[in-house]
Amino acid sequence: MDFYQKLSQYYDEIFPLNQKGLAFLEKVFSKNHKILDVGCGTGSMSLALLQTEHTVTSIDLDNHMLQVAREKDVNQCGQFIHMDMNDIDQKFGAESFDHIICLGNTLVHLGGKDEIGEALSKMHRILRPNGNLIIQIVNFDRVFDQKEFSLPLIDRENVVFERKYRQQAQSNRLEFITRIVDKKTNHSFENHASLYPLRKQEFEELLIQSDFNHNSFYGNYDDTPFSNGTPACIVVATKHP
């Protein structure tokens, strides 16, 4: 069993639906809007949005996560598609969605600054005028400024989830090391992923280059303004006509 297959079994226990995140999105969205969820994981946020009168298309690169999402979608109201975020402009036409969300540090798994900029431009293209792009990533300014290379341990009833960063030698990327410990069997599964540590200033520059010119940054889902000490970097970027 590979890491992501194991992670998909425990994902909802490790990361239950973020109610504050849902409330944050609902303050931005109107009813009956068409939404694209990029990097939907097991679909918890997509399914919650479906229950609030939205139409949601959800994409993810991992089939194990998507299978869990489809099993949870008992009313078969959602669309869960296996897709790389780099391909969204090939699948969806211009101005296809009222809003796009990309949560859970998904964006920084891309290959680097240029690839992130290209992805933002593609998202801008498939957004309708006055549509919003909402992205949530880790606050990498805090990671580097405060040398916080380990994230809090997640200890649930059936699983322990460990997360830490390691600076890659002679590289501007971070190695993201995650480890699952199955409490029932005591078996562990470890994964290493390369992330691009996108800081706020660079993030804002890439958004402007992608024609998002009205961008609000927050430090968490409580509307706290972004600062170098907040845990997250959340942006609401609007596509103006």
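Source: prediction; values computed, not measured. (Residues numbered from 1 in each chain as written. Predicted model: local features only at pLDDT ≥ 70, side-chain atom pairs only at ≥ 80, totals over all residues. Heavy atoms only, no water.)

Asker: Just give me the short version of the sheet that holds strand S4 (residues 97-102), but keep the residues and values in it.
Answerer: Hydrogen bonds between backbone groups are what pair the strands of a sheet, and the pairing can be parallel or antiparallel. If you trace the seven strands from one edge of the open sheet to the other, you get S3-S2-S1-S4-S5-S11-S10, paired in mixed fashion. The open sheet terminates on both sides in strands that have one partner only, identified here as strand S3 (79-82) and strand S10 (214-218). Recorded for the sheet is a direction-independent mean angle of 15 degrees between the axes of neighbouring strands. When strand S1 (residues 34-38) meets S4, the two strands line up parallel, connected through three bridges. (Pairing = 2+ DSSP bridges. Helix = DSSP H or I, 4+ residues; strand = E, 2+ residues; numbered from the N terminus. Axes fitted to C-alpha atoms, helices over the stretch in contact; angles between N-to-C directions.)

Asker: Can you lay out the environment of Thr55 for me, pointing to particular residues and giving the numbers?
Answerer: Residue placement: Thr55 occurs in strand S2 (residues 55-60). Residue Thr55 is classed as partly exposed on the basis of its relative accessible area of 44%. Considering only alpha carbons, one finds Thr55 and Lys34, 21 residues apart in sequence, at a separation of 4.8 Å. If we skip the residues at most four places from it in the chain, Thr55 touches His33, Lys34, Ile35 and Leu50. (Buried < 20%, exposed > 50% of the residue type's maximum accessible area, 1.4 Å probe, protein only. Contact = heavy atoms within 4.5 Å.)

Asker: Would you mind going over the sheet that holds strand S6 (residues 154-155) in detail, with residue names and values included?
Answerer: Taken together, four strands build an open sheet; the order of strands is S6-S7-S8-S9 and the sheet is antiparallel. With one partner strand each, in any of the chains shown, S6 and strand S9 (188-195) form the two edges of the open sheet. Where strand S8 (residues 174-182) and S9 come together, eight bridges link them in antiparallel fashion. The residue bridging Ile177 from the neighbouring strand is His192, located in S9. Here helix H1 (residues 3-14) sits on the sheet in contact with S6, strand S7 (159-167), S8 and S9, set at roughly 75 degrees to S8.

Asker: Explain H1 residue by residue, including any values.
Answerer: Since the α-helix packs 3.6 residues into each turn, any two residues three or four apart lie on the same face. Spanning twelve residues, H1 covers only 14 Å between terminal C-alpha atoms, well under the ideal 16 Å at 1.5 Å per step. Within H1, the full set of buried residues consists of Phe3, Lys6, Leu7, Ser8, Tyr10 and Ile14. As for H1, its buried residues are in contact with helix H4 (63-72), S6, S7, S8 and S9. Where H1 begins, one side-chain oxygen reaches toward the backbone nitrogen of Tyr4, 3.2 Å away; that side chain belongs to Asp2. (Expected span 1.5 Å × (residues − 1). Polar contact = N/O pair within 3.5 Å; in protein donor to acceptor, adjacent residues only side chain to side chain.)

Asker: I'd like to hear about the packing of aromatic side chains, residue by residue, with values.
Answerer: Under the criterion given, the structure shown has ten aromatic pairs. On the numbers, 5.8 Å between centres and 80 degrees between planes, the contact of Phe203 with Phe217 is edge-to-face. One end of the pair, Phe203, is in helix H8 (residues 200-209); the other, Phe217, is in strand S10, with 14 residues separating them in the sequence. Both residues of the pair, Phe203 and Phe217, belong to the buried class. One aromatic cluster is present, formed by Tyr11, Phe15 and Phe161 through successive ring pairs. Taking NZ or CZ as reference, Lys34 lies 5.4 Å from the ring centre of Phe97, over its face. Sitting over the face of the ring of Phe217, Lys200 holds its NZ or CZ atom 4.8 Å from the ring centroid. (Phe/Tyr/Trp six-rings, centres within 6.5 Å; stacked < 30°, edge-to-face > 60°. Lys NZ or Arg CZ within 6 Å of the ring centre and 35° of its normal.)

Asker: Which residues make up helix H6 (residues 113-126), and what are the values?
Answerer: If you check H6, its first and last C-alpha atoms are 20 Å apart, about what 14 residues at 1.5 Å a residue would give, namely 20 Å. The set of residues buried in H6 consists of Ile116, Gly117, Ala119, Leu120, Lys122, Met123, His124 and Ile126. Next to the buried residues of H6 lie S1, helix H5 (88-91), S4, strand S5 (127-138) and H8.

Asker: Give me the lowdown on the environment of Leu207, citing residues and values where you can.
Answerer: For Leu207, the position within the fold is in helix H8. With a relative accessible area of 0%, Leu207 lands in the buried category. Separated by 20 residues in the primary sequence, Leu207 and His187 place their C-alpha atoms 42 Å from one another. When near neighbours in sequence (up to four residues on either side) are disregarded, Leu207 contacts Leu120, Leu133, Phe212, Asn215, Phe217, Val235 and Ala237.

Just distances and angles here, no functional claims.
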